[in-house]
Structure formats: C-alpha cells, structure tokens
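As a plain string of letters, each chain reads:
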Amino acid sequence: MSIIAWILIGLLAGAIAKALMPGRDPGGCLITMLIGIAGGLLGGWLGKVIFGVHSIKGFFHLSTWIAAVVGSIIVLAIYRLIAGRRTR
C-alpha cells in the first residue's frame, strides 16, 4: 500500500517541484506527472536508505511531502540535463 501512496503523493510533488524549478522543459503535463511519481518513489527510498526511517508516516505528515518533493527535484534536474543535451 505504501507504493500506491507514494505514487499519489508523487503526482502532487511533481507539480510542486516544477513550481520550485521554473523553466522550459521538453514535455508537458504527462512528463511532469511521471517525474513526480518517480521522484516520490525516489524520495521514499532515499529516506529509508539514507536515514533508516520509514519515511511515509502518513499522507499529511511533513516528512512525507519533503521526501517526495526533494526526490522530484532530483529527478527533474536529471531530466533537464538529459533532455537539454538532446535538444541542442
């Protein structure tokens, strides 16, 4: 059940990450949602591996959202590096 929760949180975290890192990205809303899902899953995994905590304490818990947004920002930055090289 926690993977489904991270996917739902990731959808919103992707939009938050895009708002925190404005700029032109190749791709639209679907790419943002996929980045958010991947970032949410990455954030949950990193929280568990690096800090040794079960980072999803609840849907409305602050640490859950911070992990998801940080993961989404990481994935968005990597996506911009890769996609930016292809378009040049």
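So, how was this worked out
Residues numbered from 1 in each chain as written. Predicted model: local features only at pLDDT ≥ 70, side-chain atom pairs only at ≥ 80, totals over all residues. Heavy atoms only, no water. Helix = DSSP H or I, 4+ residues; strand = E, 2+ residues; numbered from the N terminus. Buried < 20%, exposed > 50% of the residue type's maximum accessible area, 1.4 Å probe, protein only. Contact = heavy atoms within 4.5 Å. Areas by Shrake-Rupley, 256 points an atom, 1.4 Å probe, with all protein chains shown as cover. Core = buried A, V, L, I, M, F, W, Y, C linked by side-chain atoms within 4.5 Å. Patch = residues over 30% accessible without salt bridge, like charges linked within 9 Å, V, L, I, M, F, W, Y side chains within 5 Å. Salt bridge = Lys/Arg side-chain N within 4 Å of Asp/Glu carboxyl O. UniProt positions renumbered as here; feature names shortened; annotations may be inferred.

Concerning the overall build of the protein
For the protein, the count of helices and strands is 3 helices and 0 strands. Per-residue burial for the protein yields a buried fraction of 33% across its 88 residues. Look at the contacts in the protein between residues 6 or more apart in sequence, and 79% of them connect residues 24 or more apart. For the protein, the exposed area adds up to about 5,600 Å²; of that, 75% sits on carbon and sulfur atoms.

Comments concerning the nonpolar core
Of all hydrophobic cores here, the largest spans 5 residues; its members are Ile-9, Ala-13, Trp-65, Ala-68 and Val-69. Broken down by secondary-structure element, the contributors of at least two residues to this core are helix H1 (2-20) and helix H3 (62-87). Broken down by element, the residue count for this core peaks at 3 residues, all from H3.

Quick notes on the environment of Ala-67
With respect to the helices and strands, the residue Ala-67 is situated in helix H3. For Ala-67, a relative accessible area of 15% corresponds to the buried category.

Things to note about a nonpolar patch on the surface
Together, Ile-4, Leu-8, Leu-11, Leu-12, Leu-30, Met-33 and Leu-34 make up a nonpolar patch on the protein surface, roughly 630 Å² of accessible area in all. Among the secondary structure elements, those contributing two or more residues to the nonpolar patch are H1 and helix H2 (29-51). For the nonpolar patch, the element with the highest residue contribution is H1, accounting for 4 residues.

What to know about the UniProt feature "transmembrane region" (unreviewed entry) in the protein
Following the UniProt record, the feature "transmembrane region" (unreviewed entry) maps to residues 27-47 and 59-82 here. End C-alpha atoms of residues 27-47 are separated by 28 Å, and the span's content is 90% helix alongside 0% strand.

So, the environment of Ala-15
For Ala-15, the location among the structural elements is in helix H1. Given the relative accessible area of 45%, Ala-15 is considered partly exposed. For the pair Ala-15 and Thr-32, spaced 17 residues apart in the sequence, the C-alpha separation amounts to 6.7 Å.

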